[in-house]
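Below are the chains, spelled out letter by letter.
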2 protein chains.
Amino acid sequence: MPELHIPDSLVERGAGGKKIILFVLDGLGGLPHPGTGLTELETAQTPNLDALAERSSLGMLTPVSPGIAPGSGPGHLSLFGYDPLRFVIGRGALSALGVGFDLRAGDLAARLNLATLDGDGRILDRRAGRPSDAEGRRIVEKARTALVPPEGIEVFLQHEKEHRAVLILRGPGLEAELGDTDPQETGVPPLPVKALAPGSERSASLMQGVLDQILEILADEEVVNGILARGFAAYEGYPSFHERYGLNALAIAQYPMYRGVARLVGMDVKDIPGNPSELVELLRKHYQDYDFFFLHFKYTDSRGEDGDFEAKMRAIESVDDLIPGILEVEPEVLVITGDHSTPATFKAHSWHSVPVLLASPWARPTGTAFGESECRRGDLGTFEGKHLMTLALAHAGRLAKFGA
Amino acid sequence: MPELHIPDSLVERGAGGKKIILFVLDGLGGLPHPGTGLTELETAQTPNLDALAERSSLGMLTPVSPGIAPGSGPGHLSLFGYDPLRFVIGRGALSALGVGFDLRAGDLAARLNLATLDGDGRILDRRAGRPSDAEGRRIVEKARTALVPPEGIEVFLQHEKEHRAVLILRGPGLEAELGDTDPQETGVPPLPVKALAPGSERSASLMQGVLDQILEILADEEVVNGILARGFAAYEGYPSFHERYGLNALAIAQYPMYRGVARLVGMDVKDIPGNPSELVELLRKHYQDYDFFFLHFKYTDSRGEDGDFEAKMRAIESVDDLIPGILEVEPEVLVITGDHSTPATFKAHSWHSVPVLLASPWARPTGTAFGESECRRGDLGTFEGKHLMTLALAHAGRLAKFGA
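Given the structure is predicted, the values throughout are model-derived calculations rather than measurements. (Residues numbered from 1 in each chain as written. Chains lettered and ligands numbered in written order. Predicted model: local features only at pLDDT ≥ 70, side-chain atom pairs only at ≥ 80, totals over all residues.)

Our focus in this paragraph is the overall build of chain A. What chain A contains, in helices and strands, is 14 helices and 13 strands. Computed over the C-alpha atoms, the radius of gyration of chain A is 23 Å, within 12% of the 22 Å expected from 2.2 N^0.38 for a compact globule of 404 residues. Across its three principal directions, the C-alpha atoms of chain A cover 70 × 55 × 40 Å. When each of the 404 residues of chain A is scored for burial, the buried share is 51%. For chain A, contacts bridging at least 24 residues in sequence account for 71% of all contacts bridging at least 6. (Helix = DSSP H or I, 4+ residues; strand = E, 2+ residues; numbered from the N terminus. Rg over C-alpha atoms; globule rule 2.2 N^0.38 Å. Buried ≥ 20, exposed ≤ 12 C-beta atoms within 10 Å, placed from the backbone. Contact = placed C-beta atoms within 7 Å.)

In structure tokens:
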């Protein structure tokens, strides 16, 4: 189990520490608009964030390490202080989190593609012609209800989107060193599940049995009559936020993926059922019950991926409107940042550093606005994401002096 | 074999990535002129570099780690993404590269000092009175032609400069755990070659045989009648640029040392036969045949070591004149930096950070000139040299997203 990157003994787990709010604006970082030279965050009208910046330490955060564009899983693990280069998270496990599955230590997860096979069992289409969500759901439901789990094993099968689904096996002694059955090409049959390490043979045979059953169940389907598995991953269980930091943590997030990552580190989770602004009410409602709050806002990333500079800017402005409500609970430490950049001009997650704002009585303010330019000149410099939690703990009076 | 500091699976080795030029101005970083407070780079008139800086991400690069002044070998390995604290390169191997020797995996290299012994074989002068280059060359040539290699072993003996030479043994099963024969003092005889690890005994005895032969050959010399060996190093072979990054790389460099380091990581190499400006023609000529170009310019370092502020400044200005020619090939990613600082006031390699400029469509420009002050305020912050290649790969579209 990877350890904390600071001496564990420094963490003061007892009472007396202050509360911390970490507000993640997904994909916050941007690139300059060609016309103005200003990023989305710099262009947005954000009077509340700017006022907060005036009394905050500012900096730039490198999500993982320079040049790495992280996915949501590694991006958030980094913000939570779990170095994602050491806490590796498999694709299957991430997919399970993405559909809101309650992954537990020891679970063996795989990504599934619904596929089309010809009469001889050779792959015609690795994505079964990209079925609609409704059709994908129907197929997965059909397989799920007919499937007979191997003895002593629980099997979970969940549809994700279009041709994608997730398969999880739960039971004692499952190993993930298994080769993909997806050969990544057409005209050949799916590969058998191969044990890649001694000790994985039993898992390979259990998994093969489940996949064979699904094939049989789908045999009468016209199009979606095959299944391909890849990205086998055993979720090992991470040390929880409470174990590591002594923090009772609550995640408030609208999308299952982010509640999933939060659950990985032992946070309680709350869904935001309607408008994103409801996160403020949820925060207020639960503020007395927790020490740490992870608030997640998705649309900065979505609009960046759309390549819509204006819309990402407006998403940021809508977050600015939430700030007064958040400040009403009077958090001692409030951190606002992103898990990575999603510049509208780049239309994807990127490796660029991300602005950070850390408001606390012990801040070293340097700027008058929240944006890349001001943060670049900030007191925190440019630092790796895994250090963010340590900084927050320090500001909250939750880290002891190191050495005498 | 040390691994890449990022997951190897992120590197997209297939076609479709953009080309990268890495232009290294050796010893680029400087210290302020006492009269003006400006460094060599800040003082130089560099209209082309400044125009490039306006559309580049800027930053400061720590060659190895703070406080470490690297030699040319580690300095360049770092820029190439081979962490020099893990890819350790022995002095013998570096000397072999310095004389342009084509070092191969398994070669055992040592640095030699020509020395003067007294009648009883005790060391009178560890540097044989610093012979002229011509005299040093004569002695080494005499030894080289008379030497009979041990069976199954090739022996290469090359003069370096003054009293320094390089000895390389090539053959199966050579081990480098050998103690120096140079006792680092006078009045005592050279030490015998001692095996420092079980398994090195055969190499020790082969090496001793070769050194004994050289002693015998030089016995009739008046001054240079002895030889001392140190820095035994077996070159293990590094994973190549192509293996690591999927890049077909070409080095264009005037000095053998830099072509040597480039060959270590599997680059093809081209000499610059005459004026440094010929590197532009060579770049143009070979631009279609490679994905990555390492261009090396030496004189910024040489003039810094001379302690000549003005001359280093003029060397930088002569590089500025090459920029338009380089831009004519329209590189998608162009990185300009140094392998370390050689401030004219310091007259030696130093540990100070080095300005970096990275021009690409995905840059985050912040400045109007290429110099220490502007780079310090740049978007890349201050980062370790080993991350430079990762950044360049990201900008060239050659790194996949990390995790989902």
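This part covers the relation of the copies chain A and chain B. Both copies of the chain are placed relative to one another by a rotation about an axis and a shift along it. When chain A is fitted onto chain B, the two copies agree to an RMSD of 0.3 Å after a turn of 127 degrees and an axial shift of 0.3 Å. Of the residues that chain A buries at the interface, just 7% are likewise interface residues in chain B, meaning the two copies contact each other through different surfaces. (Least-squares fit on C-alpha atoms with pLDDT ≥ 70 in both.)

Looking now at the domain arrangement of chain A. Residue and element names in this part refer to chain A. In terms of domains, chain A is made up of domain 1 (8–87 + 238–395) and domain 2 (94–234). On a C-alpha basis, the centres of domain 1 and domain 2 stand 35 Å from each other. Contacts between the two partners involve 8 residues from domain 1 and, on the opposite side, 7 residues from domain 2. Looking at the side of domain 1 that touches domain 2, the element that brings in the most residues is helix 8 (residues 256–264), giving 7 residues. Of the residues belonging to the side of domain 1 that touches domain 2, the class tally is 4 nonpolar, 2 polar and 2 charged. (Domains from an automatic or database assignment. Nonpolar A, V, L, I, M, F, W, Y, C, P; charged D, E, K, R; others polar.)

Take the interface of chain A and chain B next. Each side of the interface is counted separately: chain A has 27 residues, and chain B has 18 residues. Only helix 3 (72–79) and helix 4 (91–98) of chain A provide two or more residues apiece to the side of chain A that touches chain B. The class makeup of the residues in the side of chain A that touches chain B is 14 nonpolar, 10 polar and 3 charged.

Our focus in this paragraph is unusual backbone geometry. In this structure, Glu-162 of chain A is a non-glycine residue whose phi angle is positive, near 45 degrees. Mapping Glu-162 of chain A onto the fold places it in the loop between strand 5 (154–161) and strand 6 (164–170).

This paragraph deals with helix 3 (residues 72–79) of chain B. All names here are of chain B. Most of helix 3 is tucked away: 8 of the 8 residues are buried. Residues of helix 3 that are buried: Ser-72, Gly-73, Pro-74, Gly-75, His-76, Leu-77, Ser-78 and Leu-79. Packed against the buried residues of helix 3 are strand 1 (20–25), helix 4 (91–98), helix 8 (256–264) and helix 14 (388–395). Once helix 3 finishes, Gly-81 follows within two positions and takes phi at roughly 90 degrees, a positive value.

Take the sheet that holds strand 13 (residues 382–384) of chain B next. Residues and elements named next belong to chain B. Strand order in the open sheet formed by 8 strands is 9-8-10-1-11-12-2-13, with mixed pairing between adjacent strands. Of all the strands in the sheet, just strand 9 (268–271) and strand 13 have a single pairing partner and so form its edges. Across the sheet, the axes of successive neighbouring strands diverge by a mean angle of 25 degrees, strand direction being ignored. Here 4 bridges tie strand 8 (residues 249–253) to strand 10 (residues 292–297), and the two strands are oriented parallel to one another. Each residue of the ladder has a partner; that of Ala-249, found in strand 10, is Phe-292. Sitting on the sheet, helix 9 (residues 278–286) is in contact with strand 8, strand 9 and strand 10, with an inclination near 160 degrees to strand 8. (Pairing = 2+ DSSP bridges. Axes fitted to C-alpha atoms, helices over the stretch in contact; angles between N-to-C directions.)

Residue and element names in this part refer to chain B. Taking 1.5 Å per residue as the helical rise, helix 11 (residues 309–320) with its 12 residues ought to reach 16 Å, and the 17 Å between its terminal C-alpha atoms agrees with that figure. Where helix 11 is concerned, the buried positions are Phe-309, Lys-312, Met-313, Ala-315, Ile-316 and Val-319. Mapping the buried residues of helix 11 onto a view down its axis gives an arc of 155 degrees, with all of them on the same face. In this structure, the buried side of helix 11 is in contact with strand 1, helix 1 (40–43), strand 10 and helix 10 (299–305). (Expected span 1.5 Å × (residues − 1). Arc of directions from axis to C-beta.)

Side chains of a nonpolar character, in soluble globular proteins, are inclined to be buried together. Residues and elements named next belong to chain B. The biggest cluster of nonpolar side chains holds 125 residues, and the ones touching the most others in it are Leu-22, Ala-109, Leu-295, Val-335, Val-356 and Ala-392. The element that contributes the greatest number of residues to this core is strand 3 (residues 108–117), accounting for 7 residues. The residues touching Ala-392, leaving out its near neighbours within four places in the chain, are Ile-20, Leu-22, Val-333 and Val-335. (Core = buried A, V, L, I, M, F, W, Y, C linked by C-beta atoms within 7 Å.)

Residue and element names in this part refer to chain A. Tracing the chain through its elements places Leu-61 in strand 2 (residues 56–62). With 27 C-beta atoms packed within 10 Å, Leu-61 lands in the buried category. With 292 residues separating them along the chain, Leu-61 and Ser-353 place their C-alpha atoms 5.2 Å apart. Residues in contact with Leu-61, not counting those within four places in the same chain, are Thr-337, Ser-353, Val-354, Val-356, Phe-383, Gly-385 and Leu-388.

Tracing the chain through its elements places Met-313 of chain B in helix 11. Not counting the four nearest positions on each side in its chain, Met-313 of chain B is found in contact with Glu-40, Thr-43 and Ala-44 of chain B.

All names here are of chain A. Strands sit in the order 9-8-10-1-11-12-2-13 across an open sheet of 8 strands; the sheet is mixed. Edge positions in the open sheet fall to strand 9 (268–271) and strand 13 (382–384), since each of these has one partner strand only. Strand-to-strand, the axes of this sheet are offset by a mean angle of 25 degrees, without reference to chain direction. Summarising the sheet, strand 11 (residues 333–337) and strand 12 (residues 354–359) pair through 3 bridges and their orientation is antiparallel. Residue Leu-334 lies in a different strand from strand 12, and its bridge partner there is Ala-359. With respect to the sheet, helix 14 (residues 388–395) is in contact with strand 1 (20–25), strand 2, strand 11 and strand 12, its orientation differing from that of strand 11 by roughly 155 degrees.

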